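Reading the structure
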Amino acid sequence: MAPLPYIVVTDDNRDIRELVADYLGDRGFRVDTADGGAALRQILQVSSPDLVILDIMMPGEDGFTLCRDLRANTEVPVLFLTAMTDEMDRIIGLELGADDYLTKPFNPRELLARIKAILRRVQSLPPQRDVIRANFVHFGPWRLDTGRRELVNADNVGVPLSSAEFRLLKAFIDHPGIVLSRDQLLDLTAGRIADPFDRAIDNQVSRLRKKLEADPKNPEIIRTHWGGGYSFTPSVAKC
């Protein structure tokens, strides 16, 4: 039998923590709660949750800071559950790498549906070979500076990347040699931001090829698999 999904609810409001924990616990999830960043970090030192629910406005480290740190050091999915309803806050949260964003007051059934959708997406993705944590990643004639989000060619000339291009390249680097469908690439780079019928991934691949490939019309680094998606062919080394 597969282990029950394990979720950590992080919120400084005790009533919210207990409401969410009780609701999810009654529906088969294993749940721990944290009243802020320090408590969440203690939990992460000894366990690996399947998903973290984060409030944004908390004393000490806010949810944005915690999400940024989670994205830099783990692959755990993040769902923001917050009273901050401004559209810009939602955009910032998703840009930081959150998988979803739900505002308070909320319907527990909607929260449950969103959690299940995130877990389905994560489970459907191919496994990563080696998660790249280094500042520099080498592939083919290129070096990627992950801190500056910049490509550097063999002549040590930098080529800037947009946020979308960086996320796409990072998705390929984390899954070298694996054929990734358009839907999988959308999940890896955009999550719920993407429309299920969005074909923008093809445009992003095209723009990235113009920066990477010696001949973008005959690509060697990012290959097309008709009816299947795309694959990243070079070997990847980190330093």
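A brief structural summary. (Residues numbered from 1 in each chain as written. Predicted model: local features only at pLDDT ≥ 70, side-chain atom pairs only at ≥ 80, totals over all residues. Heavy atoms only, no water.)

**Some details on the packing of aromatic side chains**
Using the criterion set out here, one finds four aromatic pairs in the structure. Each ring, one from F64 and one from F80, has its centre 5.7 Å from the other, and the planes form 85°; the classification is edge-to-face. Placement of F64 in helix α3 (residues 63–73) and of F80 in strand β4 (residues 78–82) is noted, with a sequence separation of 16 residues between them. Its relative accessible area of 12% is what places F64 among the buried residues. (Phe/Tyr/Trp six-rings, centres within 6.5 Å; stacked < 30°, edge-to-face > 60°. Helix = DSSP H or I, 4+ residues; strand = E, 2+ residues; numbered from the N terminus. Buried < 20%, exposed > 50% of the residue type's maximum accessible area, 1.4 Å probe, protein only.)

**Remarks on a nonpolar patch on the surface**
A cluster of nonpolar side chains, namely M88, I91 and I92, defines an oily patch on the protein surface of about 240 Å² accessible area. Along the polypeptide, M88 turns up in helix α4 (residues 87–95). A relative accessible area of 48% means that M88 is categorised as partly exposed. (Patch = residues over 30% accessible without salt bridge, like charges linked within 9 Å, V, L, I, M, F, W, Y side chains within 5 Å. Areas by Shrake-Rupley, 256 points an atom, 1.4 Å probe, with all protein chains shown as cover. Salt bridge = Lys/Arg side-chain N within 4 Å of Asp/Glu carboxyl O.)

**Considering the pattern of salt bridges**
Under the defined criterion, the tally for this structure stands at 12 salt bridges. The residue R114 makes a salt bridge to E110 at a minimum N-O spacing of 2.7 Å. Of this pair, R114 and E110 both sit in helix α5 (residues 108–124), four residues apart, which is roughly one turn of the helix. On the basis of relative accessible area, R114 is assigned to the buried category, the value being 16%.

**Regarding the side chain of D55**
Turning to its location among the elements, D55 is positioned in the loop between β3 (51–54) and α3. By relative accessible area, D55 is classed as buried at 5%. Among residues more than four places away in sequence, those in contact with D55 are T10, D11, D12, G63, F80, L81, T82, A83 and K104. (Contact = heavy atoms within 4.5 Å.)

On their own, these measurements won't tell you what the molecule is for.
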